[in-house]
Amino acid sequence: MSLLDVENLRVTFPVDDGPDVRAVDGVDIAVESGEIHGLVGESGSGKSVTARSVMRLLDGAVVEADRFDYRGEDLYAKSEAEMRAIRGDDIGMVFQDSMSALNPVMTVGEQIAEVVRHHGDVDESAGLLSELRRKFVTGTSETAPSWRRAVELLETVGIADPADVATTYPHQLSGGQRQRVMIAQALGGDPSLIIADEPTTALDVTVEAGILDELRRLCDEMDVSILLITHDLGVVAETCDSVTVMYSGSVMERASTEQLFQHPAHPYTKGLLRSVPEGGATDGELTTIPGSAPEPTERPDGCPFRDRCPAAFEACADPLPEHVVDAGHATRCHLYTERDDPGEVTWDADADADADADIGAGVTATTDDPGEPSPTEVTDG
Amino acid sequence: MGIQRYVAKRTLQALLVVYVVATTVFVAVRSIPGDPARLILGGDADADAIAAVRAELGLDQPMYVQYARWMGDLVRGDLGESIFTGEPVASRIIGAAEPTLSIGLVGISIAILIAIPAGIVSATRRDQWEDYAATGVAFLGISMPSFWIGIVLLLTVGTAIPAIPSYGYTPISEGIVPWLANVILPATAVGLPYAGIITRMTRSSMLEVLGEDYMQTARAKGLPPRVILFKHGLQNALLPVVTVAGILFALLLGGIVAVEMVFGVQGFGRLLIRSIERQDFPIVQGSVIVISIIFVFMNLFVDLLYMSINPKIKYGGEA
Amino acid sequence: MGADYGGYGSDDTPRLFGVRLDRFDRLRETLAGDYKATFGLTTVILFVLAAIFAPELAPFDPMAQEYAIMQAPSLSSAHPFGTDSFGRDLLSRMMYGARISLGVSLVAVTIGAVVGIGLGLVAGYFGGVVDDALMRFVDVLWAFPWLLIAIMLVAVFGQGVWNVIAAIAFAYIDDFARLARGEVLSIREEEFVLAAKNIGLSDTRIMIEEVLPNAVAPLIVQFTVLVARAMLAESTLSFLGIGVKPTTPTWGALLGQGRSLIGQAWWISIIPGIAIVVTVLGINLFGDALRDAFDVRGEEGSP
């Protein structure tokens, strides 16, 4: 049984005067125990919304799914109180911007300790009055079990001088340190799953490497599964065991990391891989996927990628199919279901060769931003 | 180290401002048309008497000598004597201080105790009836002159409830309850506009905080809603309110003075107005300087308070 | 290049007096939909009309004293609001009072705005030593509560409309200066300003034609808010007897005159007070609608 099993997730945001925004349009995603699963997509693909839907942190949105199970239990059948028990305890979350995601007027140690108090099995009161007393009057005693556990966690995530750092405020720390604090905070309740929403996007490449290593270590040594949301294929290559690729609200491909990079099936995936500049390569143009991702209200029928796909044909207007390429590798593309021979689903002759190339950390899958005047031509690499 | 330097710098600035005020007052008083000595003695005094009074007041000295004496006296706390009663100005002011301070402090307390919870409720129940009610009352509050509120209270509560006197002042020495009963109406009149502003500021600040990322993090940690609101949100929301609260003391000032007139309280405000009417310059001078000093140091205090509750300032930058 | 009065702004959005046209649309929407804002605007318009047309609309001569009907209660005679202790018609006095209150508030805040914005513009634009010096000056001003200034002016020059105007203008200079300076600081780094400098436009032209129009929205909101406060301030001063001359019928003065008669003729104090409250409330509500429409966030010290 998968740790997290979501089938046919649809998230709609009602809009006052205009059509509702369907941010997620039929997404399946699963995270197995003991793995790091990457969720890759451009901005606007719906990956963050998907992540937040697991924690039920989407206020005002309409969330529907055929299945939304965590550990076999339907998350959306639970009451708000039950969800509160799960958040922070069973499932932890790490956010992208650590400076704004941490409370500026509380010490870092306290922000971790309160999670321990609320969800861990420490013998400390976590009621409203005691929390307020701790916040405004006495502070948390350094001998309290929750504080000591917080210091331990800081050490676990690789922070030097954890006891000192625990007494500091977020603005006094570096970006990398803050991100580690966020991870420690997510670990406070001893969760089985951590959702990391672009945890390294705001960091330098070298700092990023450290954080990714940390996440890998947590997964391997502490038996924490991770759902890692990113737009960076490099991160996926380095850290993830398996991947789901999203585009404009739908899943395009799902595979193990190796399968995705070695044998990409979907034209979009191929396009992404092709856009990745090879480390050190200076010849050839930077190629991108021409055009830009459609707004949720302007999606074409059928496959959202139709308008930019070089291999699009009439069947692409039909609802997305599911095609199994291999064990654990599936793609949603009409080329595979409508045609006996999907043919050379390539962007250009050298696509396959590129797909084998080594992708280093820090390289980003680029596509045209909406608003850029004109896309670059598709040329031979 | 940064903090001490900052405090020292601000204190110096405050003293500088007070100095400027004192000088301005000096100049202003001496610009008043007419001869103060003649004013004191009346129109038909003879030249010798006038000369004597002028000598007594030091008005025959060159300006810079007068100025030096003035400053010297000030620093020693000697504000001169009242033209009419001969009493030292300083003691007259101190004597009139208790009622004014009572009204002011009780007014501010009432305002804060009501306004901040009202603002929080307004923000958390946005666009529901609680919000409309609180915002409506707040708007009304900031649109009413304090003295008019006082008059209305006097005519309604004051006449309807005999236990609440609508005139005068009862010193604390005669008991807390009588004191409070006498002070409550003027204090409410003074506090209501202040409360209005604080409510609106708290509301908008709280709304902003509620949308911040760290509040979502707190939710993601599974904390109960009230812990999130009060432990995570409140302090952040109150920071801007503290800043503004200090600036608004100026608003209270006019209110207290006027309210004292309405309720016949023999306080500092009344003293000030009467002295202006009677052209009792030493008292006017002294009062202006005292008000200035209080005001400037009040603002300094609020600034320091803000610094102490905002860790970003208290603890500096990256380690 | 440059934001015209009408025409296009530096970022190519159509503007009127520096404010983007689409903001005016939003303002209209707000006014149409939000009853609070409509009430505010209506009140303001009524107030202004009463002030402008007082001589035509007032039923009696505000100065005419009829000893026969002193202190008549409202609606008891031909006087809808009653009369004061000299037999003067309250309604007429109030209408004339509207002119003075309006005039005083507008003039005072305008003077404060012109001086304050000027200071703020220069300080923010040039920065450095100029900024420091000007802001020190503004700080000193800020330390003078408006009441003190008023007191001193009255003590020296006696009562009168111009003292009130001066005191209030003085008190609001620092408000406008700080606000303008803050706006300028964020605008001056924008591309169109740098472009204008490159072309070689003089600093003054840049400040007036490029920077100022983009800073206008919050300043307009602040202006409105301070007009409301100025009316309250003037009424307080007049009530205390340190404002306008005793015969001038501003609403605060009327209130002041009625103070000693609260027991017998409460309407002399209460009714002008209601007028003050309604008018100030209207201005505040309108200012709030402006703030919403122009998308301005709360500034220090403003409600």
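Residues numbered from 1 in each chain as written. Chains lettered and ligands numbered in written order. Predicted model: local features only at pLDDT ≥ 70, side-chain atom pairs only at ≥ 80, totals over all residues.

**Q** Which residues make up the pairing of strand E1 (residues 4–13) of chain A, and what values go with them?
**A** All names here are of chain A. Bridge count for E1 against strand E5 (residues 67–70) is four bridges, and the pairing is antiparallel. By the bridge assignment for E5, Leu4 is matched with Tyr70. Bridge analysis of E1 against strand E2 (residues 21–31) gives eight bridges, and the strand direction is antiparallel. Within E2, the position partnered with Leu9 by the bridge is Val27. As judged from the three bridges shared by E1 and strand E4 (residues 62–64), these two strands associate in the antiparallel manner. (Pairing = 2+ DSSP bridges. Helix = DSSP H or I, 4+ residues; strand = E, 2+ residues; numbered from the N terminus.)

**Q** Quick rundown of helix H10 (residues 251–258) of chain C? Include the residues and the values.
**A** The element H10 of chain C is largely enclosed, with a buried count of eight among its eight residues. Buried positions along H10 of chain C lie against helix H7 (146–160) of chain B together with helix H4 (90–126), helix H9 (203–240) and helix H11 (267–294) of chain C. (Buried ≥ 20, exposed ≤ 12 C-beta atoms within 10 Å, placed from the backbone. Contact = placed C-beta atoms within 7 Å.)

**Q** So what's going on with the interface of chain B and chain A? Which residues, and what values?
**A** Listed per partner, the contact involves 24 residues of chain B and 32 residues of chain A. Element by element, the count of residues in the side of chain B that touches chain A is highest for helix H10 (residues 225–247) of chain B, at seven residues. Split into classes, the residues belonging to the side of chain B that touches chain A amount to nine nonpolar, seven polar and eight charged. (Nonpolar A, V, L, I, M, F, W, Y, C, P; charged D, E, K, R; others polar.)

**Q** Mind laying out the sheet that holds strand E8 (residues 193–197) of chain A, listing which residues take part and the relevant values?
**A** Residues and elements named next belong to chain A. Here we have eight strands laid out as an open sheet, ordered E7-E8-E9-E3-E10-E11-E13-E12, and mixed in their pairing. Two strands in the sheet have a free side with no partner beyond their single neighbour: strand E7 (91–94) and strand E12 (323–326). Within this sheet the neighbouring strands show an average axis-to-axis angle of 20°, counted without direction. (Axes fitted to C-alpha atoms, helices over the stretch in contact; angles between N-to-C directions.)

**Q** Just give me the short version of helix H6 (residues 129–143) of chain B, but keep the residues and values in it.
**A** The terminal C-alpha atoms of H6 of chain B, which comprises 15 residues, lie 21 Å apart, in line with the 21 Å expected from a rise of 1.5 Å per residue. Turning to H6 of chain B, its buried residues number three or more, namely Ala134, Thr135, Ala138, Phe139, Gly141, Ile142 and Ser143 of chain B. Contacts from the buried residues of H6 of chain B go to helix H5 (89–124) and helix H8 (176–210) of chain B together with H11 of chain C. (Expected span 1.5 Å × (residues − 1).)

**Q** Go over the confidence of the model for chain C with me, naming the residues and quoting the values.
**A** Residue and element names in this part refer to chain C. For chain C, mean pLDDT is 76; residues scoring 70 or higher make up 77% of the total. Segment residues 1–9: pLDDT under 50, and 20 contacts once partners within four positions in sequence are set aside and those in other chains are kept. pLDDT under 50 marks residues 299–303. Its contacts with residues more than four places away, or in other chains, come to 17 contacts. Across the predicted assembly, pTM comes out at 0.81 and ipTM at 0.81. (pLDDT = per-residue confidence, 0-100.)

**Q** Explain the packing of helix H11 (residues 249–263) of chain B against helix H12 (residues 268–278) of chain B residue by residue, including any values.
**A** Residue and element names in this part refer to chain B. Viewed as axis vectors pointing N to C, H11 and H12 meet at an angle of 85°, and their least axial separation amounts to 7 Å. With respect to H12, the axis of H11 lies roughly perpendicular. Across the interface between the two elements, Ile256, Val257, Glu260 and Met261 of H11 pack against Gly269, Arg270, Leu272 and Ile273 of H12. For the contact of H11 with H12, a count of residues per class yields five nonpolar, one polar and two charged. (Parallel < 35°, antiparallel > 145°, perpendicular 65-115°, else oblique.)

**Q** I'd love a proper account of the interface of chain B and chain C, names of residues and values included.
**A** Across the boundary between the two partners, chain B contributes 42 residues, which contact 36 residues of chain C. Those elements that provide at least two residues to the side of chain B that touches chain C are helix H1 (2–31), H6, H7, H8, H10, H11, H12 and helix H13 (281–309) of chain B. By residue number, the principal contributor to the side of chain B that touches chain C is H11 of chain B, which donates seven residues. Class assignment of the residues belonging to the side of chain B that touches chain C gives a composition of 34 nonpolar, seven polar and one charged.

**Q** Could you give me a rundown of the confidence of the model for chain A, with the residues and numbers involved?
**A** For chain A, the mean per-residue pLDDT works out to 82, and 86% of the residues sit at or above 70. Note that residues 349–381 of chain A has pLDDT below 50 and, in this model, 71 contacts with residues that lie over four places away or in other chains.

**Q** Help me get a handle on the nonpolar core, residues and values and all.
**A** Within the largest apolar cluster, 169 residues are counted, with the highest numbers of intra-cluster contacts made by Ile198 of chain B together with Ile149, Ala150, Ile151 and Ile168 of chain C. It is H9 of chain C that provides the largest number of residues to this core, a total of 21 residues. In contact with Ile149 of chain C, other than residues within four places in its own chain, are Phe144, Ala167, Phe170 and Ala171 of chain C. (Core = buried A, V, L, I, M, F, W, Y, C linked by C-beta atoms within 7 Å.)

**Q** I'd like a description of the environment of Thr202 of chain B, backed by residues and values.
**A** All names here are of chain B. The topology assignment puts Thr202 in helix H8. Residues Thr202 and Ile116, spaced 86 residues apart in sequence, show a C-alpha to C-alpha distance of 6.2 Å. Not counting the four nearest positions on each side in its chain, Thr202 is found in contact with Ala115, Ile116, Gly119, Ile120, Ala237 and Val241.

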